[in-house]
Amino acid sequence: MPGETATLAATEPAAKAAPAVLEVEGLKTWFFTRGGIVRAVDDVSFSLSEGETLAIVGESGCGKSITALSILGLVPSPPGRIVGGAVRLRGTDLLRVDEEAMRRVRGNEISMIFQEPMTSLNPVLTIGAQIEEALTLHQTALSRAEVRARAVEMLQLVRIPEPERRAKEYPHQLSGGMRQRAMIAMALSCNPRVLIADEPTTALDVTIQAQILELILDLQRRLGTAVILITHDLGVVAETAQRVIVMYAGRKVEEAEVFALFEQPLHPYTRGLMGSIPHLVDETTERLAEIPGMVPALNALPPGCAFAPRCTMATDRCRAEMPPYREWQAGHFSACWHAEALMTGRSPPPLAGEG
Amino acid sequence: MPAYIARRFMLMLLTLFGMSVLIFVLLRLMPGNVADILFDASGFIDPAERARIEEELGLDQPVVTQYVQWIGALLRGDLGFSYVSERPAIEEILPRIPVTAQLAAWSLLFSVVLGVPLGVISAVRQNTGLDYALRLVSLSGLSLPSFWLGLLILMAFVQWFGFIPIYTETPATPWDGFLIYALPALAVGFRSSALIMRLTRSSMLEVLRQDFIRTARAKGATEQTMNYRHALRNAVLPVVTIIGIEAAFLIGGLIVTETVFNIPGLARFLVEAILWRDYPIVQNLVMLIAVVVVAVNFLVDMLYAVLDPRIRYAD
Amino acid sequence: MATMRTLVQPVDHAVELSRAGANVTGSGSALLHLAGRHPLGLIGLVIVVVFVLVAAFAPLLATHDPLATNAATSLAAPGGQHMLGADFMGRDLWSRIIYGARISLAVGIASTVVGCVIGAAVGLVSGYWGGWVDLVVQRVNDVLQALPLLVLALVMAASLGPSLTNTIIAISIPVVPHVARVIRASTLSVREMPFVEAARAEGMGELQIALRHVLPNTLAPVIVLATAQLGSAILTEASLSFLGLGIPEPYPSWGRMLSESAAEYVRTAPWLVIFPGLAISLVIFGTNLLGDAVRDVLDPRERS
């Protein structure tokens, strides 16, 4: 239905009251390995409203990609298994439906784009064929010619010049940015309600990154798609998302509206991530403040706060007791024993690497 | 693409040149020359006769001249003279070509038809009972020498039908041909199919790990679409190159199997020529085999280029 | 959902797992690992070890002199005095198969070792020094690999003449290009490693660097290849001997036992066909099982 784009484009960006299209509740995805149980995603909940952009932020290995794959039921199994929780798409729990029903959700109601557009596209099929495939899988009413026309239309929508010609080309003939545009065209071809973008710009040139992000946001406004943006880059978050979830070691450590988060982060980890944003202007004078250490082994987490070993604010309590995840301000959640101190702005302790 | 073809073609010629030198040198490493061996066989030495034969064979010429003469003759299609049958080699070789070609074709067909689908199934059902069973079958396929498998087949025929189905006369109809060639092709092809199956399986597993398979899954592709449309298309690329290796593999199987089934083909002819020390024939036959293997590999590379868009559109 | 089996390996997941310290390969001895993770490899190892023991203790296991002919027992059927029967010359088949293990393993192992050593040297030199040496070696490899293994071995055997040593040489030469190619490839990557640069900075000589630093780091693929080649070498010996161009009489080679009137014995004395073939197949099967397991252990990615 080529006309569908137009009708959906009329949908306005969702206001706060918009109904939740996707609700994740207490999601637990564990990996059962010989080294023990790895809690890649542990008790993660969030909801996504129509037309909203939610960012999930964290270093690699914090569980953000596994969260995304869990939503689509794509966790490699074995060793991975979703051991608890619910993923409700407009009320239907996707963890309870069978594989065939899940297959009809993928690419149709929830789409995903990946970090590496080169390896994520099949090298021996043309761009057009790969977009058409999503359509033939889900929009069975369309004729062969309609599918083809729609694929070209999608390429046009993602602003690929000469879409007819490009549709007949193979992935290796396109530049990195073009490939990611084609991935986006493929993901959006069936008008999904939710688009999960897993580090969509990380593998691209800096100059292309902004274009791709802008394209995703523009299409989101026009098509009314809700977007989950997975990134390690808070700079990207600031420009795109309305709400942010910060994950660490498989758990949520902070959640807030973008503005509130940047204004007053209530978790030292978030502060550390912010310190990691390179500032182009004073790059020469200021060294990138990095968080010392690495994400701990997920099968051997410390008893207290998982971030404590790397945290400059850590006290004995942090190391012994897991801080509760609670709402400190309206809509601003954090799991830190020192959230109050951070909130009142009482002498923010220095971070390693600074000063 | 044209540059790719040209480069591959030049490499092929270079390999063939090296091959001809290797064969030439190897056969001259032998203790004594052909004339010695001929006389050795007859046990009678007449120096004048010996000199005449050496001259006739060009053995009195410098080695380089001998080589140039040999290659010149080969390029003119002159395959020399058999000292065993005392006939021009071409008359011996030509009628044997269709025999071996048919046997090779049946064997190849058999190994591909069996090997590729079983390899795919084994990969798609990785680590299931079926996969283990197929892997054991392919491993035993690689462990059974073709000649022994051929003998076992003959034995089974004697047991069940009371006769030995070995080649006695040229088959008149294609059906007769099939009957004659099917059993030896089974003996040769089983081993090759085991190889193809293993390679298809590992190639398929490699592809199934790729990112684009995840993309296809995220798109909502069915298992069938994923395995056959996305994975197999990529997995057959390396399998196609295997057919090149396969050619060499098959020839090894043909040599022993033609002997077991008494098939008057080229491979058995080579063994006979070696046993009879008919060295002019050996030299030319080995060169012929090399040409076939190198040419098959060249064609396979071309086929690969046609199948893989990344090479097809490379400049 | 429960039956869903995903072969997808997302990048992030791999990182997460390794971060999680789930990567525990290499713990414990290689043998224990082989036994636990690769039961088939263990079976292969047992088969090979049994054949090695049989070869070593052949005089104890054989019931007859494998070379002693006896017109009275010509083509004797299995049972009675001759457990597995006797051949045309009345020689005891069981004893010949037992002693045949010596020939088969000696030729197989010796030619694999010779081929691997020459191949490793050639590959190391061509990969480490590069330049025209590398170019020539690669072209010679192309040539050697263009001939079917058996044809090359046949021609070598024919031009060298039949003997035990010559058979070993004839079988080892086709192994050389395979090994050289693999060693060259890993040498090329190891050569660029920082520790090689460090050794050079310390003033170590090129030859010393190649032998002390580069060679040990290319050993894993050689071991993988050597185990894979062992079965192939044993098979080549059997094929050459079957065709009458390998081990000369009167040595009891399994392949030779199957040659000559094998097609005739199929009808009249099937035991002469079955038992030697079984021995060949079993030992090759064992080396193949072992080779697969060794590759799995030493080569994290499954290779063809």
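What you see is a predicted model, and the numbers here were worked out from it, not measured in a lab. Numbering of residues starts from 1 in every chain and runs along the sequence as written. Each chain takes a letter, starting from A, and each ligand takes a number, starting from 1, following the order in which they are written. Residues qualify for local features only when their pLDDT is at least 70, as the model is predicted, and side-chain atom pairs are given and counted only at 80 or more; totals for whole chains, interfaces and linings, by contrast, use all residues. Computation of side-chain values covers all heavy atoms of the structure but excludes hydrogens and water.

**Regarding the overall build of chain C**
Next up, step 1: Secondary structure elements are taken from DSSP: a helix is a run of H or I of four residues or more, a strand is a run of E of two residues or more, and numbering for both begins at the N terminus. Across its full length, chain C carries 15 helices and 0 strands.
Next up, step 2: Here a residue-residue contact requires only that any non-hydrogen atoms of the pair lie within 4.5 Å. Intrachain contacts of chain C at a sequence separation of at least 6 include 70% that bridge at least 24 residues.
Next up, step 3: Note on areas: Shrake-Rupley, 1.4 Å probe, and residue coverage restricted to the protein chains presented here. Carbon and sulfur atoms provide 68% of the accessible area of chain C, an area that totals close to 13,000 Å².

**Looking at the overall build of chain B**
Next up, step 1: Of regular secondary structure, chain B possesses 14 helices and 0 strands.
Next up, step 2: In chain B, the order of α-helices and β-strands from amino to carboxyl end is α-α-α-α-α-α-α-α-α-α-α-α-α-α.
Next up, step 3: For the exposure calls, accessible area comes from a 1.4 Å probe over protein chains only, and a residue counts as buried if that area is under 20% of its type's maximum, exposed if over 50%, partly exposed in between. Taken over 315 residues, chain B has a buried fraction of 52%.
Next up, step 4: Of the contacts made within chain B by residues no fewer than 6 positions apart, 74% connect residues no fewer than 24 positions apart.
Next up, step 5: Total accessible area on chain B is roughly 14,100 Å²; 68% of this is exposed by carbon and sulfur atoms.

**Brief notes about the confidence of the model for chain C**
Residues and elements named next belong to chain C.
Next up, step 1: What pLDDT expresses is the predictor's confidence in each residue, scored from 0 to 100. Averaged over every residue, the pLDDT of chain C is 78; the share at 70 or more is 85%.
Next up, step 2: Ignoring residues within four places in sequence, the model shows residues 1-28, a span with pLDDT below 50, making 67 contacts including any to other chains.
Next up, step 3: Of the two predicted TM-score estimates for the complex, the pTM is 0.77 and the ipTM is 0.83.

**What about the interface of chain C and chain B?**
Next up, step 1: Taken together, the contact pairs 50 residues of chain C with 58 residues of chain B.
Next up, step 2: When two parts are brought into contact, each loses some accessible area as probed by a 1.4 Å sphere; the total of that loss over both is the buried area. Here chain C and chain B share an interface that buries about 4,900 Å² over both sides, 72% of which is from carbon and sulfur atoms.
Next up, step 3: Salt-bridge detection follows one rule: a side-chain nitrogen of Lys or Arg within 4 Å of a carboxyl oxygen of Asp or Glu. Applying the counting rule to chain C against chain B returns 1 salt bridge.
Next up, step 4: Between Arg198(B) and Asp292(C) there is a salt bridge; the shortest N-O distance is 2.8 Å.
Next up, step 5: N or O atoms within 3.5 Å of each other form a polar contact, as long as, within protein, one can give a hydrogen and the other can take it, and as long as residues adjacent in sequence are counted only when both atoms are side-chain atoms. The interface formed by chain C and chain B includes 4 residue pairs in polar contact (both at pLDDT 80 or more).
Next up, step 6: For the side of chain C that touches chain B, the elements supplying multiple residues, two or more each, are helix 6 (131-146), helix 7 (149-160), helix 12 (219-242), helix 14 (262-268) and helix 15 (271-298) of chain C.

**A closer look at the nonpolar core**
Next up, step 1: If you look at the biggest cluster of nonpolar residues, it comprises 118 residues, and the most contacted ones within it are Phe147(B), Ile255(B), Leu270(B), Val151(C), Leu154(C) and Trp254(C).
Next up, step 2: Nonpolar core, defined: a set of buried Ala, Val, Leu, Ile, Met, Phe, Trp, Tyr and Cys residues in which side-chain atoms within 4.5 Å join the residues together. With 103 residues, the next largest nonpolar core counts Leu69(A), Met183(A), Leu234(A) and Tyr248(A) among its residues.

**Description of the sheet that holds strand 2 (residues 36-49) of chain A**
Residue and element names in this part refer to chain A.
Next up, step 1: Two strands are said to pair when DSSP picks up at least two bridges between them. Pairing is antiparallel across the open sheet formed by 4 strands, whose spatial order is 2-1-4-5. Only two strands of the sheet have a single neighbouring strand rather than two, namely strand 2 and strand 5 (92-93).
Next up, step 2: Pairing between strand 1 (residues 20-33) and strand 2: 11 bridges, direction antiparallel. Residue pairing across strands places Glu23 opposite Ser47, the latter belonging to strand 2.
Next up, step 3: Axis geometry follows a simple rule: fit a line to the C-alpha atoms, using only the stretch in contact for helices, then measure angles between N-to-C directions, giving values from 0 to 180 degrees. Taken strand by strand, helix 2 (residues 64-71) contacts strand 1, strand 2 and strand 4 (80-89), and its axis lies near 115 degrees from that of strand 1.

**Here we look at the packing of aromatic side chains**
Aromatic ring pairs are reported here in terms of the distance separating the ring centres and the angle at which the planes meet.
Next up, step 1: Note on ring pairs: Phe, Tyr and Trp rings are taken, using the six-membered ring of Trp, and paired if centres are within 6.5 Å. Classes follow the plane angle, with under 30 degrees stacked, over 60 edge-to-face and the rest tilted. Under the counting rule described, the total for this entry stands at 12 aromatic pairs over all chains.
Next up, step 2: Considering the side-chain rings of Tyr325(A) and Phe333(A), the 5.8 Å spacing of their centres and the 10 degrees angle between planes classify their relative orientation as stacked.
Next up, step 3: What makes Phe333(A) partly exposed here is its relative accessible area of 25%.
Next up, step 4: Residues Tyr128(C) and Trp129(C) carry aromatic rings whose centres are separated by 5.1 Å and whose planes lie at 75 degrees to one another, so their mutual orientation is edge-to-face.
Next up, step 5: Positioned above the aromatic ring of Phe32(A), the side-chain terminus of Arg81(A) is 4.7 Å from the ring centre. Put simply, a charge is over a ring when the Lys NZ or the Arg CZ is close to the ring centre, within 6 Å, and near the line of the ring normal, within 35 degrees.

**Focus: the pairing of strand 7 (residues 194-198) of chain A**
Residues and elements named next belong to chain A.
Next up, step 1: Within strand 7, 5 of the 5 residues are buried, which leaves it mostly tucked inside the rest of the structure.
Next up, step 2: Going residue by residue along strand 7, you find Val194, Ile196 and Asp198 tucked away on one face and Leu195 and Ala197 tucked away on the opposite face as well.
Next up, step 3: For strand 6 (residues 110-113) and strand 7, the ladder comprises 4 bridges, and the chain directions are parallel. Bridge pairing in strand 7 places Ile113 opposite Ala197.
Next up, step 4: Bridge analysis of strand 7 against strand 8 (residues 226-231) gives 5 bridges, and the strand direction is parallel. Bridging from a neighbouring strand, Leu195 pairs with Val227 of strand 8.
Next up, step 5: Regarding the hand of the β-α-β motif, the stretch spanning strand 7, helix 9 (residues 206-223) and strand 8 is right-handed. Whether a crossover is right-handed depends on one test, that the path from the first strand over the helix to the second runs clockwise when the strands point away from the viewer.

**A word on helix 9 of chain A**
Next up, step 1: Along its 18 residues, helix 9 of chain A runs 26 Å from first to last C-alpha, staying within 8% of the 26 Å computed at 1.5 Å per residue.
Next up, step 2: Buried within helix 9 of chain A we find Gln209(A), Ile212(A), Leu213(A), Leu215(A), Ile216(A), Leu217(A), Asp218(A), Leu219(A), Gln220(A) and Leu223(A). By definition here, a helix of n residues has an expected span of 1.5 Å times n minus one.

**Comments concerning a nonpolar patch on the surface**
All names here are of chain C.
Next up, step 1: Put simply, a patch holds well-exposed residues, over 30% relative accessible area, that have no salt bridge, with like charges counted together within 9 Å and Val, Leu, Ile, Met, Phe, Trp or Tyr side chains within 5 Å. There is a patch of nonpolar side chains on the surface, built from Val49, Leu53, Phe57, Leu60 and Leu61 and spanning about 480 Å² of accessible area.
Next up, step 2: Only helix 3 (39-56) and helix 4 (58-61) provide two or more residues apiece to the nonpolar patch.
Next up, step 3: Secondary-structure assignment places Leu60 in helix 4.
Next up, step 4: Look at Leu60 and you get exposed, because its relative accessible area is 70%.

**Concerning the pattern of salt bridges**
Next up, step 1: The tally for this structure, following the rule as stated, stands at 37 salt bridges over all chains.
Next up, step 2: Each of Glu52(A), Arg243(A), Lys252(A) and Glu255(A) takes part in one network of salt bridges that share partners.

**A short note on the state of the cysteines**
Next up, step 1: Two cysteine sulfur atoms form a disulfide, by the criterion used here, when they sit within 2.5 Å. All told, the structure shown has 0 disulfides over all chains when counted by the stated rule.
Next up, step 2: The thiol of Cys336(A) is unpaired, and the distance to the nearest cysteine sulfur, on Cys318(A), comes to 6.1 Å.

**A look at the environment of Leu250(B)**
Residues and elements named next belong to chain B.
Next up, step 1: One can find Leu250 in helix 11 (residues 223-260).
Next up, step 2: Owing to a relative accessible area of 5%, Leu250 belongs among the buried residues under this scheme.
Next up, step 3: The spatial distance from the C-alpha of Leu250 to the C-alpha of Ala105 is 9.8 Å, given a sequence separation of 145 residues.
Next up, step 4: Those residues in contact with Leu250, other than ones at most four positions away along the chain, are Ala104, Ser107, Leu108, Val188 and Ser192.

**A closer look at the confidence of the model for chain B**
Next up, step 1: Of all residues in chain B, 86% attain a pLDDT of 70 or more, and the chain-wide mean is 81.
Next up, step 2: The element-level mean pLDDT for chain B is lowest in helix 2 (residues 34-42) of chain B, coming to 56, with helix 7 (residues 129-143) of chain B highest at 90.

**Topic: the sheet that holds strand 11 (residues 326-329) of chain A**
Residue and element names in this part refer to chain A.
Next up, step 1: Taken in spatial order, the 8 strands line up as 6-7-8-3-9-10-12-11 in an open sheet, and their pairing is mixed. The open sheet has two free edges, formed respectively by strand 6 and strand 11, since each of these has just one partner strand. When the angles between neighbouring strand axes are averaged without regard to direction, this sheet yields 20 degrees.
Next up, step 2: Of the strand pairs in this sheet, strand 9 (residues 243-248) and strand 10 (residues 251-257) are connected by 6 bridges, and their pairing is antiparallel. Bridge assignment links Met247 to a residue of strand 10, and that residue is Lys252.
Next up, step 3: Across the sheet, helix 9 is in contact with strand 3 (53-57), strand 6, strand 7 and strand 8; its angle to strand 8 comes to roughly 160 degrees.
Next up, step 4: Sheet strands in contact with helix 12 (residues 268-275) are strand 3, strand 9 and strand 10, and its direction is about 105 degrees off that of strand 9.

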